[in-house]
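# Fold and geometry: a report
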Amino acid sequence: MRKFAIVATIGLFVGLATGVGLGQSSTETDVRKIHEVYYQYFADGQADLIAKRIYHPNRMSFGADGVTISAGQDDVEAGFRRATETLAAQGYDHSELPNPTICTPNPGTTIVSGMFRRYRRDGSVLAELGQTYIYGQTDDGWKIHATIAHGPETVVGCVEE
């Protein structure tokens, strides 16, 4: 009976550990899908959908000049409208984040980081940039709460020991 209890206890811990691991994997897959939708909205110039479905209305953007905080959904939309219009004038077509680092430090937070490329309509590379997106779980699902601009060689993520 004691051996059964030990085996059952070990089985329980393995099951819990697997469930946590699978939960993180599922979360990372869900966030990756949302991120792909975001890139499609951006490519299509749909600033309204980016502001409504992808970003938290009080997003923080950390850049070389410091941090800016959006004053609400209209502010987020206006910023993305300016960005997509500026890029369209340069022949922008789409962006790709080929090998992102994605990690989930806790059940309500996921980090997506890496180098992304912006392409022109003719297929040439417009830019290679680095960006980190901090997603947070909300009542409306996963939203980007903060972004950090950085060089394409930099990756921000979780360290697993």
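Structure: above.
Now for a description of the structure that goes with this document. Residue indices follow the written sequence of each chain, beginning from 1 at its first position. With the structure being a predicted model, the display of local features is reserved for residues of pLDDT at least 70 and the display and counting of side-chain atom pairs for 80 or more, all residues being used for whole-chain, interface and lining totals. By convention in this description, side-chain values take in all heavy atoms of the structure and omit both hydrogens and water.

Only the six-membered ring of Trp is used, alongside the rings of Phe and Tyr, when aromatic pairs are assigned; centres must lie within 6.5 Å, and planes under 30 degrees apart are stacked while those over 60 apart are edge-to-face, with the rest tilted. Tallying each qualifying case throughout the model produces nine aromatic pairs. Taken together, a centroid distance of 5.9 Å and an interplanar angle of 75° make the contact between Tyr38 and Tyr133 edge-to-face. Note that Tyr38 is positioned in helix H1 (residues 2-43) and Tyr133 in strand S6 (residues 125-138), a separation of 95 residues in sequence. Assessed through its relative accessible area of 5%, Tyr38 is described here as buried. Each ring, one from Tyr39 and one from Phe116, has its centre 6.2 Å from the other, and the planes form 65°; the classification is edge-to-face. Of this pair, Tyr39 sits in helix H1 while Phe116 sits in strand S5 (residues 109-120), and the two are 77 residues apart along the sequence. Clustering of aromatic rings is evident, with ring pairs tying together Tyr38, Tyr39, Phe42, Tyr55, Phe80, Tyr92, Phe116 and Tyr133. For a Lys NZ or an Arg CZ to count as sitting over a ring, it must be within 6 Å of the ring centre and within 35 degrees of the ring normal. For the cation-ring pair, Arg59 lies above Tyr55, with the distance from its terminal atom to the ring centre recorded as 5.0 Å. Counting from the N terminus, the helices are the DSSP runs of H or I reaching at least four residues and the strands are the DSSP runs of E reaching at least two. Each residue gets one of three labels from its accessible area relative to the maximum for its type: buried under 20%, exposed over 50%, partly exposed in between, using a 1.4 Å probe on protein chains only.

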